[in-house]
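One-letter residues, chain by chain:
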Amino acid sequence: MKFKFILPSLTEAESPFWRPIKYSLFPPLGLATLASYLPPEYEAEIIDQHVQALSLDDRPDVVAIQVYITNAYRAYQIADHYRNKGCYVILGGLHVTSLPDEAQQHADTIILGPAEEAFPRFLEDLKNNQPRERYFSNKRTLNNTPPTRRELIDRKRYLVPNSIVVTRGCPHHCDFCYKDAFYRGGKSFYTQQLDDALQEIERLPGRHLYFLDDHLLGNKRFARDLFNNMKGMNRIFQGAATVNSILDGDLIDLAAEAGLRSVFVGFESLNPNNLKQSNKKQNLGRDYKRLTNRLHDLGIMINGSFVFGLDDDDPNVFQHTVDWAIEAGITTSTFHIATPYPGTAFYQKMEQSKRMLTHNWDLFDTRHATYQPMKMSCPQLEQGYRQSYREFYRWSAITRASLFHGSAKHQLKHFFYTSGWKKFEPLWNLAIQMKKLNLMTPLLETVLAKVTPRQAPASTRPITITSPSTP
Ligand code: SF4
């Protein structure tokens, strides 16, 4: 029995904004996790179309395809192709779970929600020649999961082959997040057993790790135990956490001691009305400036996430947000146009208020306006989004944000991390073409080296998200 696991490339792969390095960061861990459930006598291969060519000339017994919203049409074409050849096709992932009836037309079987428990049931039914059309994960647990089949991944093709996920989901419920749709009908936040997580970390070569968990600090007890155990492991790592989890208690200090060197933070908006409307309660009343100072003092670089186009945003939001991010010494920023993904509360609201402008899923890439904003036009929103990237990543802005830090070492780290990420595209492309991205990993580890704490905050002006009049 031969299984072929495919991650079709996202539509962005054909856009003028396509940056190969952005999609050569992490291997398709979810597919490698599924492959680990196959009996040893089954053959398996994983094809990630972002980093390698997909041949359609073969005839595997089963084709399993991971579907995101912006690769959905491509995924359906691949699925139809293989079904026409007589292969058994299963589809799963975020978009399949949001729109099962759409996906079902292109699959023999679809898997809804997280697949760790549903996929083994499918395998059992397939063996008995009785596979069902739909599987839904009802007993969600990460206990006793087999080791991820990382040997199916070509590490040289990725800048961060040591990506790892030790939790699933998130304890929060932001309106625009895919999470509630994906985990509907069962637990929406759970963790691995600590020993399993530590063993997986031990198995990964080198020093650098990237935790792809939505919220690494989401379960305080688990995170505390994880970081305490990682202290002696000589690792450096990156991950994501919410505003409140960084401000409250000492978890972030433990994470820094364990090797956390950069964190993805969902600031999303500097406007409290937007946060309220989006049910982003964990950010409300929080002093963003205190948060950035705290992370800077711990030598942790910040990747800030910001969303544009929410109902209280007018055309001033772009410059205001970019200025704040530069002033606060944010290392890298990820800007998004708010996007109502099917299955989310945000999508429902936009549908009910008849503000959806398109259902062409290729445009749901957070670069396009897909619904009618309240206080600006769609072209204003899209131009402002592009302008924000240009402004934030100007050489002068990178230098200004770097100079925020107290020590020269921290300033240089910030400068090289940001400019390395955004300004050296030809170098990244060369490494990708030569299939030598792994040679860049030591460089990344050097830039992520520990810095001594800052002596005095460069700025103490607070920005507290408390009232509509606060910027
Ligand atoms: S905190 Fe992040 S991952 Fe959690 S629900 Fe909100 S947007 Fe989603």
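Residues numbered from 1 in each chain as written. Predicted model: local features only at pLDDT ≥ 70, side-chain atom pairs only at ≥ 80, totals over all residues.

The criterion, for reference: UniProt positions are given in the numbering used here, feature names are shortened, and annotations may be inferred rather than shown by experiment.
Looking at an unreviewed UniProt entry, the chain carries the name B12-binding domain-containing radical SAM protein, with the source organism given as Oceaniferula marina. Database annotation for the chain, UniProt heading Cofactor (unreviewed entry): "[4Fe-4S] cluster".

With respect to the overall build of the chain
The condition is simple: A helix here means a DSSP run of H or I that spans at least four residues, while a strand means a run of E at least two residues long, and both kinds are numbered starting from the N terminus. Atoms counted for the radius of gyration: C-alpha only. Globule rule: 2.2 Å times the number of residues to the power 0.38. A residue is called partly exposed when the number of other C-beta atoms within 10 Å of its own lies between 12 and 20, exposed at 12 or fewer, and buried at 20 or more, with C-beta atoms placed from the backbone. With C-beta atoms placed from the backbone, a contact is any residue pair whose C-beta atoms sit within 7 Å.
The number of helices and strands found in the chain is 19 helices and 14 strands. Its C-alpha radius of gyration of 22 Å places the chain within 12% of the 23 Å reference for a compact globule of 471 residues. Taken along the three principal axes of its C-alpha coordinates, the chain extends 65 × 55 × 45 Å. In the chain, which comprises 471 residues, the share counted as buried stands at 45%. Restricting the contact set of the chain to residue pairs at least 6 apart, pairs at least 24 apart contribute 76%.

Some details on the site of the ligand
Applicable threshold: All residues are tested the same way: a C-beta atom is placed from the backbone, and lying within 6 Å of a molecule or strand makes the residue near it. Think of it as three bins: nonpolar holds Ala, Val, Leu, Ile, Met, Phe, Trp, Tyr, Cys and Pro, charged holds Asp, Glu, Lys and Arg, and polar takes everything else, Gly as well.
What surrounds the ligand is the set Cys170, His172, His173, Cys174, Cys177, Lys179, Asp214, His215, Thr242 and Gly266. Among the residues making up the shell around the ligand, the classes are represented as 3 nonpolar, 5 polar and 2 charged.

A word on the environment of alanine 241
Residue position: alanine 241 is located in strand β11 (residues 236-241). On the basis of neighbour count, alanine 241 is assigned to the buried category, with 25 C-beta atoms found within 10 Å. In this structure the C-alpha to C-alpha distance between alanine 241 and glycine 266, which are 25 residues apart in sequence, comes to 7.7 Å. Not counting residues within four places of it along the chain, the set of residues in contact with alanine 241 comprises His215, Leu216, Leu217, Ile246, Val263 and Val265.

A look at the UniProt feature "domain: Radical SAM core" (unreviewed entry) in the chain
Taken from the UniProt record, the annotation "domain: Radical SAM core" (unreviewed entry) applies to residues 156-379. What you have in residues 156-379 is 34% helix and 18% strand, and the ends, taken at the C-alpha atoms, are 40 Å apart.

Here's the deal with the environment of alanine 13
Structurally, alanine 13 can be placed in the loop between β1 (2-7) and α1 (29-35). If near-sequence neighbours (up to four positions away) are discounted, alanine 13 is found in contact with Trp18 and His50.

Quick notes on the domain arrangement of the chain
Definition in use: All domain edges in this entry derive from an automatic or database-based domain assignment.
In terms of domains, the chain is made up of domain 1 (2-136) and domain 2 (154-447). Placing a centre on the C-alpha atoms of domain 1 and another on those of domain 2 gives a separation of 26 Å. Facing 24 residues of domain 1, the contacting portion of domain 2 comprises 29 residues. Listing elements by their share of the side of domain 1 that touches domain 2, those giving two or more residues are α2 (72-84) and α3 (94-98). Considering every element that reaches the side of domain 1 that touches domain 2, the biggest residue donor is α3, with 3 residues.

Looking at the packing of helix α7 (residues 194-203) against helix α8 (residues 220-230)
So the rule is basically this: Think of each axis as a best-fit line through the C-alpha atoms, taken over the contacting stretch in the case of a helix, with angles from 0 to 180 degrees between the N-to-C directions. Put simply, angles under 35 degrees are roughly parallel, angles over 145 are roughly antiparallel, angles from 65 to 115 are roughly perpendicular, and the rest are oblique. With the far helix as reference, a near helix turned anticlockwise by less than a right angle produces a left-handed crossing, and one turned clockwise produces a right-handed crossing.
For the pair α7 and α8, the least separation of the axes is 10 Å and the interaxial angle reads 40 degrees. Classified by the interaxial angle, the pair formed by α7 and α8 is oblique. α7 and α8 meet at a crossing whose hand is right-handed. Contacts from Leu194, Ala197, Leu198 and Ile201 of α7 reach α8 at Phe222, Asp225, Leu226, Asn229 and Met230.

A short note on the sheet that holds β1
Just so we agree on the cut-off: In this description, strands pair whenever DSSP reports at least two bridges between them.
Spatial ordering of the open sheet is given by β2-β1-β3-β4-β5-β6, a layout of 6 strands whose pairing is parallel. Across the chains shown, the open sheet's two edge strands, defined by having one partner strand only, are β2 (43-48) and β6 (134-136). For this sheet, the mean angle separating the axes of adjacent strands, direction not counted, is 15 degrees. Sheet topology note: the β1/strand β3 (residues 62-66) ladder contains 4 bridges and is parallel. Counterpart to lysine 4 in the pairing with β3 is valine 63. Lying over the sheet, α2 contacts β1, β3 and β4 (88-92), oriented at roughly 160 degrees with respect to β4.

Here's the deal with the sheet that holds β11
Strands sit in the order β7-β10-β11-β12-β13-β14 across an open sheet of 6 strands; the sheet is parallel. Two strands lie at the open edges of the sheet, namely β7 (163-164) and β14 (332-337), each paired on one side alone. In this structure, strand β12 (residues 260-268) lies alongside strand β13 (residues 301-308), joined through 6 bridges in parallel fashion. The residue bridging valine 263 from the neighbouring strand is isoleucine 302, located in β13.

Re the nonpolar core
Worth spelling out the cut-off: Buried Ala, Val, Leu, Ile, Met, Phe, Trp, Tyr and Cys residues whose C-beta atoms connect them within 7 Å together make up a nonpolar core.
If you look at the biggest cluster of nonpolar residues, it comprises 117 residues, and the most contacted ones within it are Ile65, Leu91 and Phe308. The element that contributes the greatest number of residues to this core is α2, accounting for 6 residues. Two domains each put at least three residues into this core: domain 1 (2-136) and domain 2 (154-447). Residues contacting leucine 91, with those up to four places away along its chain left out, are Ile65, Val67, Ala75, Ala79, Val96, Ala103, His106, Ala107 and Ile110.

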